[in-house]
Amino acid sequence: MMAYVLIKTRAGRSKSLVEQLQTFEGVEEAAAVYGGADVVAKVEVPDSSALSRLVMERIQGIPTVESTQTLIVVEGMVSPPE
């Protein structure tokens, strides 16, 4: 199961959050971004239970994280990597 997690964090914390997210099992990529979110993480986990644990326990458990929005990818609707 693939998902993108949009994360809002405290000012000045994006870089350290990206570094921390990259150590989490299931996080394939993490990047600081401009716009409504401060950081976006691409995650790949076996099932919805694993996604819940990753987002609700690990990511939302980081003290500098203010909010998250999880976008679950529709299976079979992903373009192949180049």
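What counts and what doesn't
- Residues numbered from 1 in each chain as written.
- Predicted model: local features only at pLDDT ≥ 70, side-chain atom pairs only at ≥ 80, totals over all residues.
- Heavy atoms only, no water.
- Core = buried A, V, L, I, M, F, W, Y, C linked by side-chain atoms within 4.5 Å.
- Buried < 20%, exposed > 50% of the residue type's maximum accessible area, 1.4 Å probe, protein only.
- Helix = DSSP H or I, 4+ residues; strand = E, 2+ residues; numbered from the N terminus.
- Contact = heavy atoms within 4.5 Å.
- Arc of directions from axis to C-beta.
- Pairing = 2+ DSSP bridges.
- Axes fitted to C-alpha atoms, helices over the stretch in contact; angles between N-to-C directions.
- Phe/Tyr/Trp six-rings, centres within 6.5 Å; stacked < 30°, edge-to-face > 60°.
- Lys NZ or Arg CZ within 6 Å of the ring centre and 35° of its normal.

1. With respect to the nonpolar core
Logical step 1: The biggest cluster of nonpolar side chains holds 20 residues, and the ones touching the most others in it are Ile7, Leu21, Val27 and Val43.
Logical step 2: The element best represented in this core is helix H2 (residues 48-59), accounting for five residues.
Logical step 3: In contact with Leu21, not counting residues within four places along its chain, are Ile7, Val27, Ala30, Val39, Ala41, Ile59 and Ile62.

2. Some remarks on helix H1 (residues 14-21)
Residue pairs spaced three or four apart in an α-helix point in one direction, given the helix's 3.6 residues per turn.
Logical step 1: Within H1, burial applies to Ser14, Leu17, Val18 and Leu21. What you see down the axis of H1 is that its buried residues fit within an arc of 100 degrees, all on one side.
Logical step 2: Where H1 is buried, its residues meet strand S1 (2-9), strand S2 (27-32), strand S3 (39-44), H2 and strand S4 (65-72).

3. Thoughts on the sheet that holds S4
Logical step 1: Ordered in space as S2-S3-S1-S4, the four strands form an open sheet in which the pairing is antiparallel. For this open sheet the edge positions go to S2 and S4, each flanked by a neighbour on one side alone. Recorded for the sheet is a direction-independent mean angle of 20 degrees between the axes of neighbouring strands.
Logical step 2: Bridge analysis of S1 against S3 gives six bridges, and the strand direction is antiparallel. Considered in S3, the bridge of Leu6 is made with Val40.
Logical step 3: Along the sheet, H1 makes contact with S1, S2, S3 and S4, crossing S2 at roughly 175 degrees.
Logical step 4: Together, S1, S2, S3 and S4 form the strand contacts of H2, whose direction differs from that of S4 by roughly 170 degrees.

4. Examining the packing of aromatic side chains
Logical step 1: The tally for this structure, following the rule as stated, stands at zero aromatic pairs.
Logical step 2: It is Arg58 that lies over the ring of Phe24; its NZ or CZ is 3.9 Å from the centre.

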